[in-house]
Amino acid sequence: MKILVTGGTGYIGSHTVVELQQSGYEVVIADNLCNSNAGVLDGIARITGVRPAFEELDLTEGEKVRELFARHRDIGAVIHFAALKAVGESVQKPLEYYRNNLNSLMNVLASMRECGVKHLVFSSSCTVYGQADVLPVTEQTPRKPAESPYGNTKTMCEDILRDVAKVEQGMNLLALRYFNPIGAHPSACIGELPNGVPNNLIPYLTQTVAGIREQLSVFGDDYHTPDGSAIRDYIDVVDLARAHVVAIRRLMEGKNKANYEYFNIGTGNGLSVLELIRAFERATGEKVNYKIVGRRAGDIEQVWADTTLANRELGWKAEVPIEETLANAWKWQKHLME
Ligand code: NAD
Ligand code: UD1
């Protein structure tokens, strides 16, 4: 059974390809390399001993997607990671974000329908909840209007999946709402490749410790949290990758309870920025040079997941301890500088 992994040379996609191959699935990756590079295929091959098939193409081009499905008639399921994901950039370039993220999904779904491919797992985000009124968030927590065009593409893509599932009875669509993915493969053969100055906490932190950045800014210590810094649910990228394997298996074994399902994928634990810095220092023995600055515009105060549904229905649970995740993030940063 071949799995099409769109965005498979990206950060989460590449870790998922490794887990899929190690679970015996054959993979074909489709990616236009707009935020990754083909060297990732070597990293995957070093870990698994298998170099996945790779198709360089832009999924916004419907004809190219159709040709892809025609070349790989044995595709049994799709994991759709491909998207643009920089929140700030999406505010500046809303058309590019809507065009890329919505058209890619719609082209993939249209080709699936044409070729009779029934199963798709989609990368959604906890951003669809915004600042929830009650924590932790369950799948029943209402979604809030998105704060950015990027976030809005996730809400809109979820709606597309819901509507398509209603009428395409044979299709099984499943969205995973990731909380904050961090870390890298323990082999340090693959990891996150931030483009330019990182916006996300962990790449900025590891680059600071590596001496590439002068100081980490902690955005806000006046939140209504125990230490005043913002709280997130940081999920190890390998744990997250494993969630895709069980989700695909659920669909292919027909264990899904509806044509469209969605699950929170986090650890169930909230950690503040300051707690995370301390955990990093404990895990690596390195000192993090940081200063407290004002809040970052658009940030929410706190969010973490209730993962009961994923634990029960997918039989999946986050396993990697946070110190190990942070040690792997540091190992990857050092590898990047070799
Ligand atoms: P990433 O940028 O590392 O990977 C995305 C991949 O998609 C890249 O390799 C990029 O080249 C490719 N791509 C983008 N547009 C494409 C197109 N039109 N055609 C072909 N390929 C295209 O990002 P990631 O962190 O691995 O994220 C994967 C998915 O998970 C995305 O949908 C993202 O929105 C979602 N997500 C990520 C996070 C996070 O914190 N990283 C959190 C929640 C959700
Ligand atoms: C952001 C996006 C989210 C997206 C996720 C992954 C916003 C509002 N949300 O989540 O939609 O899914 O990235 O791409 O942008 N922090 C610092 N200093 C830094 C960087 C971050 O203190 O230099 C803090 C932030 O204020 C936040 C936490 O660290 O409290 C995590 O930030 P980040 O890694 O950027 O992720 P989110 O903002 O949670």
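Once a new chain begins, its residue numbering starts again from 1 and follows that chain's sequence as written. The naming scheme follows written order: chains are lettered A onward, ligands numbered 1 onward. Reporting in this predicted model follows two pLDDT cut-offs: at least 70 for local features of residues, and 80 or more for side-chain atom pairs to be given and counted; totals over whole chains, interfaces and linings ignore these cut-offs and use all residues. Just so you know, side-chain values use all the structure's heavy atoms and leave hydrogens and water out.

A. Up close: the layout of surface pockets. In this structure, the second largest pocket occupies an estimated 270 Å³ of space. Of all the elements in the fold, those that place two or more residues in the lining of the second largest pocket are β10 (234–236) and α11 (322–336). Runs of H or I in DSSP of at least four residues are treated as helices and runs of E of at least two as strands, each being numbered from the N terminus. Looking at the lining of the second largest pocket, the element that brings in the most residues is β10, giving three residues. The residue makeup of the lining of the second largest pocket, split by class, is seven nonpolar, six polar and four charged. Put simply, the grid is 1 Å and covers the protein atoms alone, a cavity is a trapped set of points that fit a 1.4 Å probe, a pocket is an open set with protein on both sides within 12 Å along at least five of seven lines, and lining residues have an atom within 4 Å of a point. Grid points are joined across faces, edges and corners, and a volume is the space filled by probe spheres set on the points. Polar here means any residue outside two lists: the nonpolar Ala, Val, Leu, Ile, Met, Phe, Trp, Tyr, Cys and Pro, and the charged Asp, Glu, Lys and Arg; Gly therefore counts as polar.

B. View of the side chain of Asn256. Within the element layout of this structure, Asn256 appears in the loop between α8 (237–252) and β11 (260–265). Residue classification places Asn256 among the buried positions, given a relative accessible area of 15%. Here the side chain of Asn256 touches Asn172 through a polar contact of 3.0 Å, side chain to side chain. Here Ala258 takes part through its backbone oxygen, which lies 3.0 Å from a polar atom of the side chain of Asn256. Throughout, a contact is declared for two residues whenever any of their heavy atoms are within 4.5 Å. If sequence neighbours within four positions are ignored, Asn256 has contacts with Asn172, Arg250, Leu251 and Glu261. Partly exposed residues are those whose accessible area sits between 20% and 50% of the maximum for their type, while under 20% is buried and over 50% is exposed, using a 1.4 Å probe and protein chains only. For this analysis, a polar contact is any N or O atom pair within 3.5 Å, provided that within protein one partner can donate a hydrogen and the other can accept it, and provided that sequence-adjacent residues contribute only side-chain to side-chain pairs.

Keep in mind these values describe shape, not function.
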